[in-house]
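Listed here are the chains, written in short residue letters.
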Amino acid sequence: MEQNKKRGRDENKSGRAIKGRGQQSWFGLGIAIGIVALALLALSPQVTDARIITVGHTTEADYWTIQEGVDAAASYGDTIQVFFGTYNENVVITKSLILQSDDKTRTIIDGGGSGVVLNLTADKVLIRGFTIQNANTGIQILSDDNVVMDNLIKDIEGKPAYGIYLSKSTGTTIFGNTVESVSGKEKYGASVFGIYLSSTTATISSNTIESLRGSYSYSYPGGSAFGIYLSSSTGTISGNIIESVSGGDSYYSSRGIAYGISLKSSTDATISSNEISSISGPGTDKNIYLESCTCNTITNNTLWGSDYGVYLTSESTRNQIYNNNIMNSTHNGYDDSGDNGWDNGAKNGGNYWSDYAGTDADGDGFGDSPYYIGGGTSAQDNYPFMNKSGWVVPPTVSIYTDKTTYTANETMHLGLDVTNPGAAQEVLFAVWLEDAGGGAYVFIYTPLTLPAGFKYSDPDFVVLTLPSIPAGAYKWHAGLIAPSGSGPIKFIAHDTAEWEFVSKGAATAEIAEVLEQTVVTFDFGVGFGEKRKTEKFIKG
């Protein structure tokens, strides 16, 4: 057989959204809709009479204020749909419900310069799609199993000030929000927090936190600033961007300190895949700081210039710090305990340090000598990487057809190879077909976790018999996509296989009909626990 290897590889690049004839971005929408759907399923009522209650400054709305809509909701499960507009109120939510709008830039809740804008005291509340502004605290959560996603929290000022505040909450998810312009009230040396957790277990992921500033004080210490702060808390802190965080100055006393992520008396948290930069003055600033913390994992983060990249106090023990890019700080690492792990052995290695001066004579990617951590405790990274992100070995995907040209009633054998030589990785796996007119037909689209060392190869991944379809050039695509929640599609790996249909007569079917009638059952083997099936394509 003549195997078609005529394809373009496009790995580790941001790709265009895949659009079909209707010009809808199915891939970009699919990621966000999937996450919302999971949240809605988790919060959906076990009753059949849940209502949609509308709020807006129009005659079509059921209520004028959000609080009125919340008060009118049932004890469980109603949706409060808020129309575009500015709502000057401080809302208390005492019932399990969904509070949402269709556009956060046009639906604003203004707290009037004081108090809490949204105060959640009920379990199982979903907040989505608002600009929340002008108060001492943007969102306060004192309950369990909530979801806060796709909101803009800004212009928060107080003594102290909190973008999002969680206390004694379990199972809450904070996803895809932007917290910006949080400042301490001047002259009071007030501290500020982008996201604050106290005695809480939560997932904090894919948020952007920026422009935080502790306030100036004349005679008291300057206010400190924290991007994300955990006190006696645990959970997953992943995929967040934290930048432009600064403490407040003081004329007579100590200067405020800035922190990207700070943990105090916290255990078993995972801090991964965060980007932290511009954590600056006037005090001694730290990208990641652990005080009296044990058994936390810090991995796959990128930390840029500060006074300290990672700082562990003497009471912090048994923490694992590996596979991080720690760069351009005055002191990239500091360990006052000496009872922590700064690498994960020869298999996974340690960290990349911008000031490592060793060599790699044997070319294995690790420095031949340890990187010594500051703090005077002889802590060291035994396997420092020579290159930034040297531990990342991306997965690959290859798609191919058995021939380059087909005619009516011929059988196509579509092959697929997938490998993941590195660590286990979550991806969105997609296969779609592009026709000569630019139409895209999404054939497979599903989330997967590729196990470490995974290999898959099947020359008969899809077998289909082609009727007489429109003549022309076609192109199969296979992609492994980063599950980023929203925004442009970012391919981890992408491959194509081009083929042509040569017509011997009038077309009797569209390619869409062929795909719609094709059932694909594939098993990626041990590590998935089930077969992933796609029985119907989506035509864009």
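About the thresholds
Residues numbered from 1 in each chain as written. Predicted model: local features only at pLDDT ≥ 70, side-chain atom pairs only at ≥ 80, totals over all residues. Heavy atoms only, no water. Helix = DSSP H or I, 4+ residues; strand = E, 2+ residues; numbered from the N terminus. Buried < 20%, exposed > 50% of the residue type's maximum accessible area, 1.4 Å probe, protein only. Contact = heavy atoms within 4.5 Å. Areas by Shrake-Rupley, 256 points an atom, 1.4 Å probe, with all protein chains shown as cover. Pairing = 2+ DSSP bridges. Phe/Tyr/Trp six-rings, centres within 6.5 Å; stacked < 30°, edge-to-face > 60°.

Asker: Please set out the overall build of the protein chain residue by residue, giving values where relevant.
Answerer: Looking only at helices and strands, the protein chain has four helices and 46 strands in total. Here the protein chain holds 540 residues, and 52% of them are scored as buried. Sequence-distant contacts, at least 24 apart, represent 65% of the contacts inside the protein chain between residues at least 6 apart. Carbon together with sulfur atoms contributes 48% to the accessible area of the protein chain, which is approximately 22600 Å² in total.

Asker: Mind laying out the sheet that holds strand β16 (residues 178-184), listing which residues take part and the relevant values?
Answerer: Here we have 11 strands laid out as an open sheet, ordered β4-β7-β10-β13-β16-β19-β22-β25-β28-β31-β33, and parallel in their pairing. At either end of the open sheet lies a strand with only one pairing partner, and these are β4 (85-88) and β33 (352-353). The pairing of strand β13 (residues 152-158) with β16 spans six bridges and is parallel. Looking at the pairing, Ile-153 lines up with Val-179 of β16.

Asker: Give me the lowdown on the packing of aromatic side chains, citing residues and values where you can.
Answerer: Here the structure, examined in full by the defined rule, presents 28 aromatic pairs. Taking the centre distance of 4.9 Å and the plane angle of 65° together, the rings of Phe-366 and Phe-385 count as edge-to-face. Here Phe-385 lies in the loop between β35 (380-381) and β36 (396-401) and Phe-366 lies in the loop between β33 and β34 (371-372), a separation of 19 residues in the sequence. We classify Phe-366 as buried; its relative accessible area is 10%. Residue Phe-385 is classed as buried on the basis of its relative accessible area, which comes to 5%. With a centroid separation of 6.1 Å and 15° between ring planes, the pair formed by Trp-432 and Phe-491 is classed as stacked.

Asker: Before we move on, can you summarise the environment of Val-442 with the specific residues and values?
Answerer: With respect to the element layout, Val-442 can be found in strand β40 (residues 440-450). In this structure Val-442 comes out as buried when scored by relative accessible area, which is 5%. On a C-alpha basis, the gap between Val-442 and His-477 in space is 9.5 Å, while along the polypeptide they are 35 residues apart.

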